[in-house]
Amino acid sequence: MEKLLSNSEILLTTAAVARCLGISTRAVCLWAECRDIPAIKVGRQWRFRQDELRDWLQDARDGKVRKGTSQKIFRVGS
C-alpha cells in the first residue's frame, strides 16, 4: 500500500514542479501519467511529494532513472 501522507509532508502542484524543472505543466502531467516522475493522483490532479521529487532528481543526475528520462530532464531544464 502506498505510503500515507503525514501532516508535515509537503506536496507540490504540477505548476510548481513545472517551474522548478523549467518545463510546461502539460509535460509534467505526461511524465506523471507515464510514471517517468514520482507522483500521486489526488482526485483529478497530480501532486508530487517534495522529498520523492528531490530523490528522483538526484537519481536522474546519477543515471539511476529509466533510460531517456534523465536526458529529458537535463535537456529541457538546463
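Conventions we followed
- Residues numbered from 1 in each chain as written.
- Predicted model: local features only at pLDDT ≥ 70, side-chain atom pairs only at ≥ 80, totals over all residues.
- Heavy atoms only, no water.
- Axes fitted to C-alpha atoms, helices over the stretch in contact; angles between N-to-C directions.
- Helix = DSSP H or I, 4+ residues; strand = E, 2+ residues; numbered from the N terminus.
- Parallel < 35°, antiparallel > 145°, perpendicular 65-115°, else oblique.
- Contact = heavy atoms within 4.5 Å.
- Nonpolar A, V, L, I, M, F, W, Y, C, P; charged D, E, K, R; others polar.
- Buried < 20%, exposed > 50% of the residue type's maximum accessible area, 1.4 Å probe, protein only.
- Core = buried A, V, L, I, M, F, W, Y, C linked by side-chain atoms within 4.5 Å.

**Student:** Help me understand the packing of helix α1 (residues 14-21) against helix α2 (residues 25-33), please; the structure alone is not making it clear to me.
**Tutor:** Their axes nearest at 8 Å, the elements α1 and α2 cross at an angle of 105 degrees. Compared by their axis directions, α1 and α2 come out roughly perpendicular. Side by side, α1 and α2 meet where Thr14, Ala15, Val17, Ala18 and Leu21 of the first sit next to Thr25, Val28, Cys29 and Trp31 of the second. Counted by class, the contact of α1 with α2 contains seven nonpolar, two polar and no charged residues.

**Student:** Please clarify how unusual backbone geometry should be interpreted in this entry.
**Tutor:** Only a minority of non-glycine residues have a phi that is not negative, and only a minority of peptide bonds are not trans. Positive phi outside glycine occurs at arginine 35, with the angle close to 65 degrees. As for its placement among the helices and strands, arginine 35 is situated in the loop between α2 and β2 (40-42). Judged by its relative accessible area of 71%, arginine 35 falls in the exposed class.

**Student:** I would appreciate a short explanation of the nonpolar core in the present structure.
**Tutor:** It is characteristic of soluble globular proteins that their nonpolar side chains tend to be buried jointly. One finds Val17, Leu21, Ile37, Phe48 and Trp56 to be the most contacted residues of the largest nonpolar core, which totals 17 residues. Counting residues per element, the ones that place at least two in this core are α1, α2, β3 (45-49) and α3 (50-61). A per-element tally of this core places α2 first, with five residues.

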